[in-house]
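# Descriptive structure summary
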Amino acid sequence: MIFAKFDTRSDGSIRLVMKGHAGAAPKGEDLVCAGATTLAYTAAQAVLTLQEQGKLTRKPKMALSEGNALIIATPTQEGRQELEQAIGVVGLGLEMLSHNYPHCIRLENTM
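Below you will find a few notes about this structure. (Residues numbered from 1 in each chain as written. Predicted model: local features only at pLDDT ≥ 70, side-chain atom pairs only at ≥ 80, totals over all residues. Heavy atoms only, no water.)

Turning to the overall build of the protein, a few remarks are in order. Scanning the protein from terminus to terminus reveals two helices and five strands. Beginning at the N terminus, the succession of helices and strands in the protein can be written as β-β-α-β-β-α-β. Relative to its length of 111 residues, the protein is compact, with a C-alpha radius of gyration of 14 Å against a globular reference of 13 Å. If you line up the protein on its principal axes, its C-alpha atoms span 40 × 25 × 20 Å. Looking at the protein as a whole, 39% of its 111 residues qualify as buried. (Helix = DSSP H or I, 4+ residues; strand = E, 2+ residues; numbered from the N terminus. Rg over C-alpha atoms; globule rule 2.2 N^0.38 Å. Buried < 20%, exposed > 50% of the residue type's maximum accessible area, 1.4 Å probe, protein only.)

As structure tokens, then:
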């Protein structure tokens, strides 16, 4: 099962954590894992784009590997809405996966 969590931290940063594997099909054939992975990389690219635009207060923390994703970004006041929107879209995608494959992915959103 994939566990995904979004939250806003006390310093104003937004965090996405994903761990695990969907287990819906054999490795390399699992469309649920592929969808979740695509969403994690989409979130990472959105954060990098905001960094390039100067809309983060510091370099984001990102670690993406097989079965794990960690993204922590702290937006400027100007960049907060854009970061929340980008992460929100990724969250909608994960919510859809969780709804359609509840035995494969669990989502916690505390933003």
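Turning our eyes to something else, we now look at the pairing of strand β3 (residues 61-65). Note: β3 against strand β4 (residues 68-73), five bridges, orientation antiparallel. Residue pairing across strands places L64 opposite A69, the latter belonging to β4. Here β3 folds back onto β4 in antiparallel fashion, the turn holding two residues, of which G67 has a positive phi close to 80 degrees. (Pairing = 2+ DSSP bridges.)

In this fold, G23 is placed in the loop between β2 (14-20) and α1 (31-52). For G23, a relative accessible area of 64% gives the class exposed. Sequence separation of G23 and L39 is 16 residues, and the distance between their C-alpha atoms is 17 Å.

Counted under the stated rule, the structure contains zero disulfides. For C33, which is in no disulfide, the shortest distance to another cysteine sulfur is to C104 and amounts to 8.0 Å. For C33, a relative accessible area of 14% translates into the label buried. (Disulfide = S-S within 2.5 Å.)

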